[in-house]
Amino acid sequence: MNDKLTVIVIEDDPPMRLGCVQAIQLAGFNALGFGTAEEALKAISPGFAGVVVTDLKLPGMDGMNFVERCHDIDPDLPVIIITGHGDIAVAVEAMRNGAYDFITKPFRPEGLVDVVRRATEKRSLTLEISNLRQRLARIEGVEAKLIGRSPQMQRVRHLVAEIADASVDVLIRGETGVGKELVAQALHRLSRRRGGHFVALNCGGISEDLLDSELFGHEAGAFSGAQKRRIGKLEHANHGTLFLDELESMQMNVQVKLLRVLQDRVIERVGSNQQISIDCRIIAAAKTDLMDHVQAGTFRSDLYYRLNVVTIYLPPLRERREDIPLLLEYFMLLSASRFGRPQPKISTEQMNRLMAYSWPGNVRELRNVADCLVLGIPKEGLTAADGRAGSAGHSLTEWVNDFERNLIENELRRFGGNLTQTANALKVPKTTLHDKIRKYGLSA
Ligand SMILES: Nc1ncnc2c1ncn2[C@@H]1O[C@H](COP(=O)(O)OP(=O)(O)OP(=O)(O)O)[C@@H](O)[C@H]1O
Ligand SMILES: [Mg+2]
């Protein structure tokens, strides 16, 4: 990457200038020599793909002024100063003024090349990150963050755009990490209610006694411990969106109360008789098919039919693998920009593995993998550039082993390490499972 960068050399003494330019070119960089700072400035623009080396004493503008002018153009541009023998005090001042480094005359060509190389590495990183940020800004604008080119995701985006502004309640269904909350936020953002709040309520986390003041709020002194008035979630979501997360885990008695609110659309704060009408859209999310819960008697059918006006189903990532490369690229961009790291290159081998993986944690898991890739933390079996990755491709046995290993690992995780349940789910004898666990170095 460094070989594409240009090193500008400013030195009024022609033989000296030529010497520097040649040493830098020999090291594999492009180099451009100038006799004055004024001339060199014309070659520098914001985001200049290179670094600058300048003599301190120059006819016209001197090196010290030049550093400042450069930083007016691009504050991150590394400028290396050449100082005369014994000019340490001046060199220190130049550094204080923002010079990248200094080198003292007389110097050996290797000394100069060393400093230049360090400066160009720093410059490459700065340029790459600013490039990442620009690309990111473009993606965010265009895709509104619901990334995916699979037909299923295209359909989801289409549906979201279509119903966002309709005043229907929506049920979003899908496994963990598929993007349910993201879709709910998109619906809110694209609706007329975007000026109101998006209020999320985790239904699994509320019991009946917490519910009243959580949902409806209370007046000061409504009960012992209620010192101040509290605005409940429903009131907070007025003119906005109430997001009911993990709907399937809502207790029966809580369901009764919620249904009443959904029908009447009025609430009373605890300790008050005043009725407040609530105008909010309800978006609910569930990981499982609520109909199963209705049949099992753990979910009220009237509430189910009340909420299930429009359903958006988000398929698991393993059923839309064509979304993986784009999502990975997007998350790596995000994380490279956030951590100030370069975006890693993904080998074909690595990509093949990511494409073949089962992704039990769906998009959230992919996002974690992207973070690990950017930070250079190897993730067992997925991102590590191990010995095999260097060989030419996967053999069938290796593919099958990878698949088997992932499958067993996921099932083990699903059953919390319980061998009997895992063996049953995989329809293999426990002894076989045990052998495989040993073979792949997994732990229960
Ligand atoms: N299509 C997508 N484009 C971009 N980012 C996505 C997409 N789908 C999911 N994500 C990201 O993946 C992560 C998980 O998504 P989200 O929290 O919406 O999942 P969820 O379905 O609500 O999961 P859970 O059921 O575990 O609560 C978030 O960081 C989200 O921004
Ligand atoms: Mg969620």
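Bear in mind the structure is a predicted one, so any value in this text is a computation, not a measurement.

Trainee: Looking at this model, I keep getting lost on the site of ligand 1. Mind explaining?
Mentor: In the neighbourhood of ligand 1, 18 residues make up the surrounding shell, with Ile 147, Thr 176, Gly 177, Lys 180 and Arg 367 lying closest. Here Ile 147 contributes a backbone N or O atom positioned 2.8 Å from a nitrogen atom of ligand 1. Within the contact set of ligand 1, an oxygen atom lies 3.1 Å away from a backbone nitrogen or oxygen of Gly 179. For ligand 1, whose free accessible area comes to 630 Å², the fraction covered by protein is 87%. Class assignment of the residues belonging to the shell around ligand 1 gives a composition of eight nonpolar, three polar and seven charged. Both domain 2 (151–315) and domain 3 (321–439) contribute no fewer than three residues apiece to the shell around ligand 1.

Trainee: Would you mind going over the sheet that holds strand β4 (residues 79–83) with me for this structure?
Mentor: Adjacent strands of a sheet pair through backbone hydrogen bonds, lying either parallel or antiparallel. Strand order in this open sheet of five strands is β2-β1-β3-β4-β5, and the pairing throughout is parallel. The open sheet has two free edges, formed respectively by β2 (30–34) and β5 (101–104), since each of these has just one partner strand. Each strand axis lies, on average, 20 degrees off the axis of its neighbour in the sheet, ignoring direction. In this sheet, β5 lies alongside β4 in parallel orientation, the contact comprising four bridges. Residue pairing for β5: Ile 81 is matched across the bridge by Phe 102. Where helix α1 (residues 14–26) meets the sheet, it contacts β1 (6–10) and β2, and its direction lies at approximately 170 degrees from that of β2. The strands that helix α3 (residues 63–73) touches are β1, β3 (50–55) and β4; relative to β4, the one it contacts most, it runs at about 180 degrees.

Trainee: In this structure, what is going on with the packing of aromatic side chains? I would like to understand it.
Mentor: A complete count under the given rule lists four aromatic pairs for this structure. With a centroid separation of 5.7 Å and 25 degrees between ring planes, the pair formed by Phe 198 and Phe 243 is classed as stacked. Of the two residues, Phe 198 sits in strand β7 (residues 198–202) while Phe 243 sits in strand β10 (residues 241–245), which places them 45 residues apart along the sequence. Pairing Tyr 304 with Tyr 305 gives two aromatic rings, centres 5.1 Å apart and planes at 70 degrees, and the pair type is edge-to-face. On the basis of relative accessible area, Tyr 304 is assigned to the buried category, the value being 11%.

Trainee: What is the right way to look at the confidence of the model for the protein in this model?
Mentor: Should pLDDT be low for a region, the predicted coordinates there are not to be read in detail. Considering every residue of the protein, the mean pLDDT works out to 87; 93% of them sit at 70 or more. Mean pLDDT across the elements of the protein ranges from a minimum in helix α16 (residues 387–390), with 37, to a maximum in β1, with 97.

The rules behind each value
- Residues numbered from 1 in each chain as written.
- Chains lettered and ligands numbered in written order.
- Predicted model: local features only at pLDDT ≥ 70, side-chain atom pairs only at ≥ 80, totals over all residues.
- Heavy atoms only, no water.
- Near = heavy atom within 4 Å.
- Polar contact = N/O pair within 3.5 Å; in protein donor to acceptor, adjacent residues only side chain to side chain.
- Areas by Shrake-Rupley, 256 points an atom, 1.4 Å probe, with all protein chains shown as cover.
- Nonpolar A, V, L, I, M, F, W, Y, C, P; charged D, E, K, R; others polar.
- Domains from an automatic or database assignment.
- Pairing = 2+ DSSP bridges.
- Helix = DSSP H or I, 4+ residues; strand = E, 2+ residues; numbered from the N terminus.
- Axes fitted to C-alpha atoms, helices over the stretch in contact; angles between N-to-C directions.
- Contact = heavy atoms within 4.5 Å.
- Phe/Tyr/Trp six-rings, centres within 6.5 Å; stacked < 30°, edge-to-face > 60°.
- Buried < 20%, exposed > 50% of the residue type's maximum accessible area, 1.4 Å probe, protein only.
- pLDDT = per-residue confidence, 0-100.

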